[in-house]
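These are the residues of each chain, in order.
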Amino acid sequence: MGSSKFRLSTALAAACLLGGLSGVGLSQIGVQASFASASHPQIKVGGYPTGISLDPVTDTVYVGNGSDAGLSLINGRTCNASATTGCSQTVTAVTEGHDPVGTVVDQTTNTVYAMNGSSDTVAVIDGRTCDAENTTACAHAPALIKVGTGPQFAAVDPATDTLYVANTLSNTVSIVDTRGCDAGSTVDCSHAVVATMPAGASPLGIAIDVPTDTVYVTDDGSNDVAVIDGKTCNASVTKGCAKPVARKTVALGPGGVAVNERTNTVYVADQSSDAVSIFSGTRCNSTVTSGCATPAFRQPEGSDDRGVAINEVTNTVYVTSTNSNVVDMFSGAACNGAVHTGCKAVYAAHVGVSPRRVVVDQSTDTVYVTNANSETVSMIDGRTCGSTDHAGC
């Protein structure tokens, strides 16, 4: 697979770690950690699952299966923290490409975009006719968008009908106009890329801060986050697409990124430094760049942190620790861009082998985690395993 540099590097190490890493816990790196022995359900999916996203409209979880050239669909209504009756009934969707990695959902059009990492394309899947309950079109070949080399992850801005795609092997970000390339119409997919922005070395993760209209792109090879102005670089306006407005230095190997809009904080999972970088989106965004020059606060975490997601209802930050086979969690209220007093209060939940990415269904308080080497998705009950109540971790 063309993106194996970023997805398979820890496969052997993770396999060797099967069976427990409690002896290599977070307490050894200066973090107050608590490990529980709770067993979290694992849902069988396709080969080498990595990316994961949620469509809250249909309550469907979409999982990118790198070695199966397709997506696994999980019914969030019948497979969640409260109900498990539907957990054995996963559905498969084709992506017409190789190594589907990241997935992202545009809720306004009910469109699922899947990055085919080794085919340099993005599959456009109709979420109205391909979800966990309506599988009518899941076997149909989707329309494809040609992007840069090695697309990994993406983010969508429904307000501007723009899809931002991180092309890891060509060091670029593709700016895609989704108005004629979505579930409703695919007539413009062949020329949907309206601009290509030079990024840093090996762009990987993308997140959007809606209030400031800022796009944050992690650059795995240059150890920084590119800050893009979504107001001047989108499907309709491309004058600001020549380069990022600023760069924020983070720890080594930044990968997953998420924005907590409750505190306007950006969290970056740093793969090569076993840490999470944290900085204020208020002082480093598309309009205000005065705080971008200062390196981000570095919070030591587990081993090989890959993904990060936030439950803004409970204000809990979840981070996948790939080599430790756990998901770490801490309070977003006590550990953010302005406050660091609670950053060392970290709890962990054991999951499958080589956890990669994580998504939260806030309606059911369920945390879904892809386990690449187990070929499963772990399901954590956020009601009893979060930053405040961790008895069920």
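Residues numbered from 1 in each chain as written. Predicted model: local features only at pLDDT ≥ 70, side-chain atom pairs only at ≥ 80, totals over all residues. Heavy atoms only, no water.

Turning our attention to the pairing of strand E20 (residues 265-270). Within E20, 6 of the 6 residues are buried, which leaves the element mostly enclosed by the surrounding structure. Neither face of E20 is left uncovered, since the one carrying Thr-265, Tyr-267 and Ala-269 and the one carrying Val-266, Val-268 and Asp-270 both have all their residues buried. One ladder, built from 5 bridges, connects strand E19 (residues 254-260) with E20; its direction is antiparallel. Following the sheet pairing, Ala-258 is matched in E20 by Tyr-267. Once E19 ends, the chain turns through 4 residues before running back antiparallel as E20, passing Asn-264 with a positive phi of about 50 degrees. Taken together, the 6 bridges between E20 and strand E21 (residues 275-280) define a ladder with antiparallel strand orientation. Bridging from a neighbouring strand, Thr-265 pairs with Ser-280 of E21. The antiparallel pairing of E20 with E21 creates a hairpin that spans 4 residues between the two strands, and Asp-274 there sits at a positive phi of about 55 degrees. (Buried < 20%, exposed > 50% of the residue type's maximum accessible area, 1.4 Å probe, protein only. Helix = DSSP H or I, 4+ residues; strand = E, 2+ residues; numbered from the N terminus. Pairing = 2+ DSSP bridges.)

This model, assessed by the stated rule, comprises 2 aromatic pairs. Centre to centre, the rings of Tyr-267 and Phe-330 are 6.0 Å apart; their planes meet at 55 degrees, and the pair counts as tilted. With a gap of 63 residues between them, Tyr-267 in strand E20 and Phe-330 in strand E25 (residues 326-331) connect regions that are remote in the sequence. By relative accessible area, which is 1% here, Phe-330 ends up buried. (Phe/Tyr/Trp six-rings, centres within 6.5 Å; stacked < 30°, edge-to-face > 60°.)

What follows concerns the environment of Asp-229. Looking at the secondary structure, you find Asp-229 in strand E17 (residues 224-229). For Asp-229 and Val-245, which are 16 residues apart along the polypeptide, the C-alpha to C-alpha distance reads 6.7 Å. The contact partners of Asp-229, leaving out residues within four places of it in the chain, are Asp-213, Val-245 and Ser-286. (Contact = heavy atoms within 4.5 Å.)

Here we come to the sheet that holds strand E9 (residues 121-126). Each strand in a sheet pairs with its neighbour through backbone hydrogen bonds, running either in the same direction (parallel) or in the opposite one (antiparallel). Taken in spatial order, the 4 strands line up as E7-E8-E9-E10 in an open sheet, and their pairing is antiparallel. Looking at the sheet topology across the chains shown, the edges are occupied by strand E7 (100-106) and strand E10 (143-146). The mean inter-strand angle of the sheet, taken between neighbouring strand axes irrespective of direction, is 25 degrees. Alignment of strand E8 (residues 111-116) against E9, held across 6 bridges, turns out to be antiparallel. Each residue of the ladder has a partner; that of Asn-116, found in E9, is Thr-121. (Axes fitted to C-alpha atoms, helices over the stretch in contact; angles between N-to-C directions.)

A few words on the environment of Ala-114. Relative to the helices and strands, Ala-114 is located in strand E8. It is 20 Å that separates the C-alpha atoms of Ala-114 and Asp-220, two residues lying 106 residues apart in sequence. Leave out the neighbours within four places in its chain, and Ala-114 touches Leu-71, Thr-95, Gly-102, Thr-103, Thr-121, Val-122 and Ala-123.

A complete count under the given rule lists 7 disulfides for this structure. Here Cys-130 connects covalently by a disulfide to Cys-138, the sulfurs 2.2 Å from one another. The chirality of the disulfide connecting Cys-130 with Cys-138 is right-handed, given an S-S dihedral of about 110 degrees. (Disulfide = S-S within 2.5 Å.)

For the structure on display, the rule yields 9 salt bridges. For Arg-77, the salt bridge identified is with Glu-133, shortest N-O distance 3.4 Å. With Arg-77 in the loop between strand E5 (70-75) and strand E6 (91-94) and Glu-133 in the loop between E9 and E10, the pair connects residues that are 56 residues apart, well separated along the chain. One network of salt bridges, in which partners are shared, links Asp-219, Asp-224 and Arg-247. (Salt bridge = Lys/Arg side-chain N within 4 Å of Asp/Glu carboxyl O.)

As for its placement among the helices and strands, Gly-307 is situated in strand E23 (residues 305-311). Judged by relative accessible area, Gly-307 falls into the buried class, the value being 0%. Through-space distance from the C-alpha of Gly-307 to that of Val-257 is 7.1 Å; in sequence the pair is 50 residues apart. Apart from the residues lying within four places of it in its own chain, the contact partners of Gly-307 are Ala-269, Tyr-318, Val-319, Thr-320, Arg-356, Arg-357 and Val-358.

Core analysis: the largest hydrophobic core is formed by 16 residues, its most contacted members being Tyr-164, Val-173, Ile-175, Ile-206, Val-215 and Val-217. Elements represented by at least two residues in this core include exactly strand E12 (162-167), strand E13 (172-177), strand E14 (193-198), strand E15 (203-209), strand E16 (214-219) and E17. Core analysis: the next-biggest nonpolar cluster, separate from the first, contains 15 residues, Val-122, Ile-145, Val-156 and Ala-192 among them. (Core = buried A, V, L, I, M, F, W, Y, C linked by side-chain atoms within 4.5 Å.)

For the rest of this paragraph, the subject is the side chain of Asp-229. Since its relative accessible area comes to 10%, Asp-229 is described here as buried. A polar atom in the side chain of Asp-229 sits 2.9 Å from the backbone nitrogen of Lys-231. (Polar contact = N/O pair within 3.5 Å; in protein donor to acceptor, adjacent residues only side chain to side chain.)

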